[in-house]
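Survey of secondary and tertiary structure
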Amino acid sequence: MRLHSLESRVIALFIGLLLTLQLAGFFAIRNAIDSNARNAAETSLRNNEKLLSHLLDQNANRLIESAIVLAKEYAFREAIGTHDTETIVSTLSNHGKRIGSDLTMLVGLDRKITASSSANLSHSLQQSVASLIQTAEKSGSAASAAIVDGKPYQMVVVPIEAPVTISWVVMAIPIGKAFVNNMSAWSEIQISLLTAKEKGPWAVNISTLNDEQAGKLAAQLPAPDQKISYLPAIQIDDDQYSARVIKLAQNEQFSTIAVLQLSISQAVAPYKDLQRNLLILTVFGAILASIVSAITARRIAGPVRQLAETARRLGAGDYTAAINVKQKDEIGDLARTFMTMRDGIAQREKEISRLAYWDTLTNLPNRALFTDMLEEAIASARSREKSCFVLMMDLDRFKHVNDVMGHRFGDILLNQVAIRLSAELGAGGTKPARLGGDEFAILLPDSTKEEAQGLADRILRSLEKPISIEDQTVDLGAGIGIAGFPEHASDTQTLLSRVEVAMYAAKLGNSGAVIYSPDIDKSSQQSLSLLSELRAALEQQAFRLYVQPKVDLAFGKVIAVEALVRWIHPERGFIFPDQFIPFAEQTGFIRQLTHWVMNEAARVCHAWNEVGLNLKISVNISTRDLLDQDLPGKFAHILQQHQVSAASFCLEITESAIMDDPVRAFQTLDKLHAMGLDLSIDDFGTGYSSLAYLKRLPVDELKIDKSFVLKMEKDIDDTKIVKSTIDLGHNMGLRVVAEGVENIEVMHLLKELGCDQAQGYYISKPMPSNDLPDWLEKWQQANPQSA
């Protein structure tokens, strides 16, 4: 049996699962036993601690009763009154022996020992007696544990009254072996009494453990100054204990503790047999699982090997391989599925071939098939010294339709375009091909340039007719590129590349159909050169910020400016925006340019604010800027860097910029507006946006396009358009700005119509931003009402 075979894996799985379950149960039970044993031990130790306290209290009560008997003995009190020391000592000694007291003392009212049954009294005993009498003076008698000569004692004190207190009787018995044995008789625990001098090691006074074990216990106990009452695990020889540490007595030199121990090993011993039985059961289970799994695996793996061999033959193209599996279980189902697969492979291969070369949406040839067709056409034309042409078409505004109406609508539209193209080619002619997205191509074998141009014109005219889909009418246009063999290229890839160049030239120039020429490629090279120059201009600070003032028509006051960019070329000198801005928008360089303008405008705004000049600055935003989801973050960084507020800026956006991708544009505009930036619709009236879109936009301003303003004093239609736009803007709560004001008559007319602000050459041409303060001073002098 192979190590990595299915059979061996099934066996390993069975055994592994059983062992996992058995071991998991074993360890879970063992941990539960250990945990329960420890919890029970801790509870038992707490109870034994209470028993210890109870036994100490019993001893104290017995001592107090004996001391009271002695204190009330007439002869003893008479001897105290006559200061008969010999009688006093004899009485103390005899009474102490009767009750087993090692120390029996008479203490005067000055708390000094006057007579004792023992001749050797330590200084610490004197201190303990004085402290105990202080307690007895409040309660009549007192008892406590004390340390005498490094050993623990239980000590009591009672007054001798005649009838007032004349002396004190003190009795002390050792807490020793008798006490420990008595304690041990009541429970199954081990008890040890230990004493330590100051911070020294613990010394064993007495213990139910043997001397070696008691020494090991002392070595593991915490230092006297550590307040630890419970030790969950102490290892002594092969036994593990839980212990409680009980403080009995302490003075300036010594500390005495009692340690109660309970064996964890003995607590879990009754369960060892259960664990051993579980291990035996696990072993037998593994043996049984091995036998059962081997039989089961062989029943599964045998037919699977046969099916694997059949699959290899099918992969090699042998679809006649027999499958001799007659089982009625899942393996049999798998065998029957193999037979079904064998019958369907040929059909699927045919379908795969169709998918590889045909567009599934329009059922037209795709790029791969079109390329093959073109190679055949070029080969045929070359052999017969003929020509062939290719038309490549890209739809206008299709992305906008797709975004607004949805992808399903866009798919239907592409099918309608395919139908129109096929109709123009006629029955039996070459089929158009869909290269991807909204790009189509048509191959014209054995054709001329004039025929290709004629077909392109017919296609463009057919697309001028609106397409109706689901009660929606769509106007489409297209850019068509034309290139042919051998005039423009001698191989397939070059021809496709050049017809694509011609197509993009048609789209950029809105030229309808364009035949490829080398000049188009030269234009592309010039574009690359211009892009390099723009990048160099940004690095070399060749751009300049210009501003054009905006005037409040009600008061004639300059309240804002529009920021404009100018290019000072080292060789060509001053370059106007219309010579490089459109190209920057096409290539995406406009994003870097917008960032430069905004940064420079923020710098100028901060400088103006420093001298008390507070003007709102308008900055133009392009389509590509709106599609940049990071634009709000970039602007926020600029505002923070130059310490200017967002309210000092207004961003001007054209209608067409918004309509290119409304969804992403709205997202960006919402974020910008939320930052506090004003938004303005620039060139309003020249785009294709609906009022529904305008209502949804978070704008603050409408800017009327100059084409309506330039000659409005002479053209009543322009005046009506401007008046309607002003009313519309005001009704929507927006301020209205008119650009292109070039004479006093237009300015007065705009004021009469209620326009809010004006901008144009009559007020001022764009000027370097540094010149604005001087110009503003002259404006205020010429227009005193604006000050």
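Now for a look at the structure at hand. Please read all numbers here as calculations on a predicted model, not as lab measurements. (Residues numbered from 1 in each chain as written. Predicted model: local features only at pLDDT ≥ 70, side-chain atom pairs only at ≥ 80, totals over all residues. Heavy atoms only, no water.)

1. Some thoughts on the overall build of the protein chain
When helices and strands are counted, the protein chain shows 26 helices and 27 strands. The burial tally for the protein chain puts 45% of its 787 residues in the buried class. Restricting the contact set of the protein chain to residue pairs at least 6 apart, pairs at least 24 apart contribute 63%. Here the protein chain has roughly 40800 Å² of accessible surface; of this, 52% comes from carbon and sulfur atoms. (Helix = DSSP H or I, 4+ residues; strand = E, 2+ residues; numbered from the N terminus. Buried < 20%, exposed > 50% of the residue type's maximum accessible area, 1.4 Å probe, protein only. Contact = heavy atoms within 4.5 Å. Areas by Shrake-Rupley, 256 points an atom, 1.4 Å probe, with all protein chains shown as cover.)

2. Focus: the pairing of strand β10 (residues 254–263)
A regular strand places its side chains so that they alternate between the two faces of the sheet. Judged by how many residues are buried, β10 sits mostly within the fold: 10 of 10 residues are covered. Where burial is concerned, the two faces of β10 agree: the one with Phe254, Thr256, Ala258, Leu260 and Leu262 and the one with Ser255, Ile257, Val259, Gln261 and Ser263 are both buried. Across eight bridges, strand β6 (residues 190–197) lies against β10 in antiparallel orientation. Directly across from Leu194, in β10, lies its bridge partner Ile257. Here strand β9 (residues 239–250) hands over to β10 after three residues, the two strands then running antiparallel side by side. (Pairing = 2+ DSSP bridges.)

3. With respect to the side chain of Ser447
By secondary structure assignment, the location of Ser447 is in the loop between β13 (439–444) and α13 (449–464). Polar side-chain contacts of Ser447 include one of 2.6 Å to the backbone oxygen of Leu444. Those residues in contact with Ser447 that lie beyond four places of it in its chain are Ser387, Cys388 and Phe389. (Polar contact = N/O pair within 3.5 Å; in protein donor to acceptor, adjacent residues only side chain to side chain.)

4. Description of a nonpolar patch on the surface
Nonpolar side chains collect at one region of the surface, where Ile280, Val283, Phe284, Ile287, Ile291 and Ile295 lie side by side and expose about 600 Å² of accessible area between them. With respect to the helices, strands and loops of the structure, Ile295 is situated in helix α8 (residues 272–315). (Patch = residues over 30% accessible without salt bridge, like charges linked within 9 Å, V, L, I, M, F, W, Y side chains within 5 Å. Salt bridge = Lys/Arg side-chain N within 4 Å of Asp/Glu carboxyl O.)

5. Describing the packing of aromatic side chains
If you walk through the whole model with that rule in mind, you get six aromatic pairs. Considering the side-chain rings of Trp775 and Trp779, the 5.5 Å spacing of their centres and the 20° angle between planes classify their relative orientation as stacked. One end of the pair is Trp775 and the other is Trp779, both in helix α26 (residues 772–782) and four residues apart, which spans about a single turn. The pair formed by Trp775 and Trp779 is uniform in burial state, with each residue classed as buried. One aromatic cluster in this structure is built from Phe543, Trp567, Phe580 and Trp596. (Phe/Tyr/Trp six-rings, centres within 6.5 Å; stacked < 30°, edge-to-face > 60°.)

6. Section: unusual backbone geometry
Backbone phi values are negative for most residues with the exception of glycine, while trans is the configuration of most peptide bonds. For the bond running from Phe485 to Pro486, omega is 0°, close enough to zero to count as cis. Tracing the backbone shows Pro486 in the loop between β16 (478–485) and α14 (492–509). Of note, the phi angle at Asp446 is positive, near 50°, even though the residue is not glycine. For Asp446, the location among the structural elements is in the loop between β13 and α13.

7. Regarding the sheet that holds strand β1 (residues 103–107)
Spatial strand order, β2-β1-β5-β4-β3: five strands in an open sheet with antiparallel pairing. With one partner strand each, in any of the chains shown, β2 (113–116) and β3 (142–148) form the two edges of the open sheet. Across the sheet, the mean angle separating the axes of adjacent strands is 30° when strand polarity is ignored. The sheet contact formed by β1 and β2 spans three bridges and is antiparallel. Bridge pairing in β2 links Val107 to Ile113. Seen against the sheet, helix α2 (residues 74–81) touches β1, β4 (151–161) and β5 (165–174) and runs at an angle of roughly 80° to β4. (Axes fitted to C-alpha atoms, helices over the stretch in contact; angles between N-to-C directions.)

8. Quick word on the nonpolar core
Core analysis: the largest hydrophobic core is formed by 80 residues, its most contacted members being Phe543, Phe649 and Leu750. Sequence-distant contacts of Phe543, that is, excluding residues within four places in its chain, are made with Leu534, Ala537, Leu538, Val565, Arg566, Trp567, Phe580, Phe589, Leu593 and Trp596. Listed in part, the 31 residues of the second largest apolar core include Met393, Phe398, Leu414 and Leu425. (Core = buried A, V, L, I, M, F, W, Y, C linked by side-chain atoms within 4.5 Å.)

9. So, the environment of Asp727
Looking at the element boundaries, Asp727 is found in helix α24 (residues 716–731). Owing to a relative accessible area of 30%, Asp727 belongs among the partly exposed residues under this scheme. A C-alpha to C-alpha distance of 8.9 Å links Asp727 and Cys755, two positions 28 residues apart in sequence.

10. Considerations on the pairing of strand β24 (residues 701–704)
Side chains of β24 alternate between two faces, with Glu701 and Lys703 and Leu702 and Ile704 buried alike. Sheet analysis places strand β23 (residues 678–684) next to β24, joined by three bridges and oriented parallel. By the bridge assignment for β24, Ile681 is matched with Leu702. In this structure, β24 lies alongside strand β25 (residues 735–739), joined through four bridges in parallel fashion. What sits directly across from Ile704, in β25, is Ala738.

11. Overview of the pattern of salt bridges
When the charged atoms of two side chains with opposite charge come close together, those side chains can pair. Considering all chains together, one arrives at 21 salt bridges under this definition. One salt bridge connects Lys507 with Asp396, and the closest N-O pair in it is separated by 2.7 Å. Taken together, the residues Lys507 in helix α14 and Asp396 in the loop between β11 (388–395) and α11 (398–405) connect sequence positions 111 residues apart. Residue classification places Lys507 among the partly exposed positions, given a relative accessible area of 23%. When the shortest N-O distance is used, the salt bridge between Asp678 and Lys616 registers 3.3 Å. Of this pair, Asp678 sits in strand β23 while Lys616 sits in strand β21 (residues 616–621), and the two are 62 residues apart along the sequence. The exposure class of Asp678 is buried, given its relative accessible area of 14%.

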